[in-house]
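This is what each chain is made of:
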Amino acid sequence: MKAAFALCVLASLATTALADPAPSRLDEVLQRGTLTVCTTGDYKPYTSLRADGRYEGIDIAMAESLAKSLNAKIQWVPTTWKTLMPDFLAQRCDIGVGGISVSLERQKKAFFSQSLGVDGKIPLVRCTDVQRYQTVEQINQPQVRVIEPAGGTNEVFARAHLGQAQIRLHDNVTIFDELLAGKADVMITDASEARYQQKQKPGLCAVNPERHMQYSQKAFLLPRDDVAWKSYVDQWLHLSVATGVYDGIVNQWLAAP
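Residues numbered from 1 in each chain as written. Predicted model: local features only at pLDDT ≥ 70, side-chain atom pairs only at ≥ 80, totals over all residues. Heavy atoms only, no water.

Caption draft 1: Broad picture of the nonpolar core. Among the nonpolar cores identified, the biggest contains 41 residues, and Leu35, Leu66, Ile95, Phe220, Leu221 and Trp229 are the most heavily contacted of them. Residue assignment for this core shows that the elements contributing at least two residues are α2 (25–32), β1 (34–39), α3 (58–69), α4 (84–89), β7 (110–112), β13 (221–223), α10 (227–242) and α11 (245–253). Looking at which element gives the most residues to this core, the answer is α3, with five residues. Apart from the residues lying within four places of it in its own chain, the contact partners of Leu221 are Leu84, Met85, Phe88, Asp94, Ile95, Gly96, Ile100, Ala110, Phe111 and Phe112. (Core = buried A, V, L, I, M, F, W, Y, C linked by side-chain atoms within 4.5 Å. Buried < 20%, exposed > 50% of the residue type's maximum accessible area, 1.4 Å probe, protein only. Helix = DSSP H or I, 4+ residues; strand = E, 2+ residues; numbered from the N terminus. Contact = heavy atoms within 4.5 Å.)

Dropping the structure here:
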């Protein structure tokens, strides 16, 4: 009798679990009519906080497109590269955007959308120094001054591969002026950012933008184990690429290599 009772209880619990699945962020966003989006606002061309308090950039436009597909308004959640994962794990946002690189450390704690493409690390230098800083070996020297924003994959690359160089951390907004002013020699960054800054700031040059020092991909950050939400975001992203919407947004911001 005890065994039969236990089986009945287990069957009841299983039926309840099947009938009442865990809610998805997809359902929550649809119900509340708001999409919460974490972004740093300091990584052009993906995310930039303007003086008037508005965000702009490739990923900002994409987030607005995602919200429109859900008939939802956007609530921006400011974050930094150091606090991105803590903010995300604290469920402060439904999605993280802004040139986020896919990494195994982040993958341990979150899902990623399908990739937005390959975007590896390259040097950004003054144009007069392009030939001096072609390789890791040329940069990894005691006299070379490397400058990076704190907390992101650029700093991780510098710490891992440029231990002999002088590494200094700086904010990701005025960091390019430091290079132009001769206060630093090299910034390791993604090819897309290097190409954008080359277009915006004459005197800075992306070194070998199609020959990456490290393979990297960009994607949107999503809550781990929420398959329904990831499936929706991936399908929306697939359609955005297939219909040319994504390329149209990218071409407004990115210079040709």
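Caption draft 2: Molecular detail of the pairing of strand β8 (residues 121–126). Burial runs high along β8: six of the six residues are buried. By the bridge criterion, five bridges tie β8 to strand β11 (residues 186–190) in an arrangement that is antiparallel. Bridge pairing in β11 links Lys121 to Asp190. Pairing analysis gives three bridges linking β8 to strand β12 (residues 204–206), with the strands arranged antiparallel. In the sheet register, Arg126 faces β12, and the bridge partner there is Leu204. (Pairing = 2+ DSSP bridges.)

Caption draft 3: Here's a closer look at the side chain of Asp234. With respect to the element layout, Asp234 can be found in helix α10. Overall, Asp234 belongs to the buried group, its relative accessible area being 15%. Within the structure, Asp234 has its side chain in polar contact with the backbone nitrogen of Gln114 (distance 2.7 Å). The residues contacting Asp234, other than those within four sequence positions of it, are Ser113 and Gln114. (Polar contact = N/O pair within 3.5 Å; in protein donor to acceptor, adjacent residues only side chain to side chain.)

Caption draft 4: Quick look at the state of the cysteines. Tallying each qualifying case throughout the model produces two disulfides. Note on cysteine connectivity: Cys38 is disulfide-linked to Cys93, with sulfurs 2.1 Å apart. Where Cys38 bonds to Cys93 through sulfur, the torsion about that S-S bond is close to -95°, and the disulfide is left-handed. On the criterion of sequence distance, the pair formed by Cys38 in strand β1 and Cys93 in the loop between α4 and β6 (95–96) is long-range, its members being 55 residues apart. Here Cys38 falls in the buried class, since its relative accessible area comes to 0%. Residue classification places Cys93 among the buried residues on the basis of a relative accessible area of 0%. Two residues, Cys127 and Cys205, share a disulfide whose sulfurs are 2.1 Å apart. (Disulfide = S-S within 2.5 Å.)

Caption draft 5: Structural context of the packing of α3 against α11. The contact between α3 and α11 brings their axes to 9 Å, and the two run at 150°. Classed by the angle they form, the pair α3 and α11 counts as roughly antiparallel. Considering the relative orientation of α3 and α11, their crossing is right-handed. Across the interface between the two elements, Ile58, Ala61 and Met62 from α3 touch Tyr246, Ile249, Val250 and Trp253 from α11. (Axes fitted to C-alpha atoms, helices over the stretch in contact; angles between N-to-C directions. Parallel < 35°, antiparallel > 145°, perpendicular 65-115°, else oblique. Left-handed = near helix turned anticlockwise from the far one by under 90°.)

Caption draft 6: Region of interest: the packing of aromatic side chains. Taken as a whole, this structure holds six aromatic pairs when the rule is applied. An aromatic cluster is present here, built from Tyr43, Tyr46 and Trp81 joined pairwise through their rings. (Phe/Tyr/Trp six-rings, centres within 6.5 Å; stacked < 30°, edge-to-face > 60°.)

Caption draft 7: Region of the structure containing the environment of Cys127. If you trace the backbone, Cys127 turns up in the loop between β8 and α6 (136–139). For Cys127, a relative accessible area of 30% gives the class partly exposed. C-alpha of Cys127 to C-alpha of Ala206: the two residues are 79 residues apart in sequence and 8.2 Å apart in space. Apart from the residues lying within four places of it in its own chain, the contact partners of Cys127 are Gly203, Leu204 and Cys205.

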